[in-house]
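In case you want the letters, here they are:
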Amino acid sequence: MAGPPRQWSISPRPGVLLAPNVAAVVARANGTAVSCAMLIQSGRAAGVYWVATSAAARNRGLGTLVTGAVVRLGFEYGAEVVVLQATELGALVYQKMGFTAFTDYQRFLLPFSPGDGLSS
């Protein structure tokens, strides 16, 4: 087995973010992007991804704002369910919004060494 590639990329192919089933919301403060969320809708389900708020803008409700916006878009696009995966930091925000946990994911992290191309 050849192993993982030496360089990893999380950037989507050009045009993917412009697909009709994808939406992104950005909250700005004084012209600066401070919070965002993305939705991908597929069939009767939609997923919320890439929710983030800059550290300086946290605890102002911006994560709730952008997440709520893409959730509404998901239902407008025809989704019957909207799902997301929460970090510890976001879990309480999502619970307050009405999301309920239905599973926990187990993860396996491969060991790596500095300089192996897998660390950031």
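Counting restarts for each chain: residues are numbered from 1 in the order of the written sequence. Under the rules for a predicted model, residues below a pLDDT of 70 receive no local features and side-chain atom pairs below 80 are neither given nor counted, while totals for whole chains, interfaces and linings still include all residues. Side-chain measures were taken over the full set of non-hydrogen atoms in the model, leaving aside hydrogen atoms and water.

K.L.:
Account for the sheet that holds strand β2 (residues 32-42), naming residues and giving values.
P.N.:
In any sheet, the strands associate via hydrogen bonds between backbone groups, in a parallel or an antiparallel arrangement. Two strands pair if DSSP finds at least two bridges between them. Under the scheme used here, helices are H or I runs from DSSP no shorter than 4 residues and strands are E runs no shorter than 2 residues, and both carry numbers assigned from the N terminus. The four strands are arranged β1-β2-β3-β4 in an open sheet whose pairing can be described as mixed. Strands at the two margins of the open sheet, each flanked by one partner only, are β1 (22-29) and β4 (81-84). On average, each strand axis in the sheet is inclined to that of its neighbour by 25 degrees, with strand direction left out of account. With four bridges joining them, strand β3 (residues 45-53) and β4 adopt parallel strand pairing. Each residue of the ladder has a partner; that of Val48, found in β4, is Leu84. Throughout, a contact is declared for two residues whenever any of their heavy atoms are within 4.5 Å. Axis angles are defined between N-to-C directions and span 0 to 180 degrees, where every axis is a line fitted to C-alpha atoms and, for a helix, only to the segment in contact. Contacting β1, β2, β3 and β4, helix α1 (residues 62-76) crosses the sheet at an angle of about 25 degrees to β2.

K.L.:
Residue-level account of the layout of surface pockets, with values.
P.N.:
Only protein atoms enter the 1 Å grid, on which a cavity is a set of points fitting a 1.4 Å probe that cannot get out and a pocket is an open set with protein on both sides within 12 Å along at least 5 of 7 lines, lining residues being those with an atom within 4 Å of a point. Grid points are joined across faces, edges and corners, and a volume is the space filled by probe spheres set on the points. Computed from the structure, the largest pocket encloses a volume of approximately 790 Å³. Lining the largest pocket we find 23 residues, and of these Leu84, Gln85, Ala86, Thr103 and Tyr105 sit closest to its centre. Elements represented by at least two residues in the lining of the largest pocket include exactly β3, β4 and α2 (88-97). Tallied by class, residues from the lining of the largest pocket come to twelve nonpolar, eight polar and three charged. By volume, the second largest pocket is sized at about 660 Å³. Three residue categories are used. Nonpolar comprises Ala, Val, Leu, Ile, Met, Phe, Trp, Tyr, Cys and Pro, charged comprises Asp, Glu, Lys and Arg, and polar comprises the others, including Gly.

K.L.:
Talk me through the nonpolar core; I want residue IDs and the actual numbers.
P.N.:
Only buried residues count toward a nonpolar core. Its members are Ala, Val, Leu, Ile, Met, Phe, Trp, Tyr and Cys residues joined through side-chain atoms within 4.5 Å. To sort residues, take the accessible area from a 1.4 Å probe on protein chains only and compare it with the maximum for the residue type: under 20% means buried, over 50% means exposed, and anything in between is partly exposed. In this structure, Val48, Val70 and Val82 are the most contacted members of the largest nonpolar core, which totals 18 residues. Sorting the residues of this core by element identifies β1, β2, β3, α1 and β4 as the ones contributing at least two each. If you tally residues by element for this core, the top one is α1, at five residues. Val70 has contacts with Ala23, Val25, Ala37, Met38, Leu39 and Val48, leaving out every residue within four places of it along the chain.

K.L.:
How would you summarise the confidence of the model for the protein chain if you had to cite specific residues and measurements?
P.N.:
As a note on interpretation, predicted positions should not be read in detail where pLDDT is low. The predictor rates its confidence in each residue with pLDDT, a number between 0 and 100. With 81% of its residues at a pLDDT of 70 or more, the protein chain shows a mean pLDDT of 84. Contacts for the low-pLDDT stretch residues 1-9, under 50 throughout, to residues beyond four places or in other chains number six contacts.

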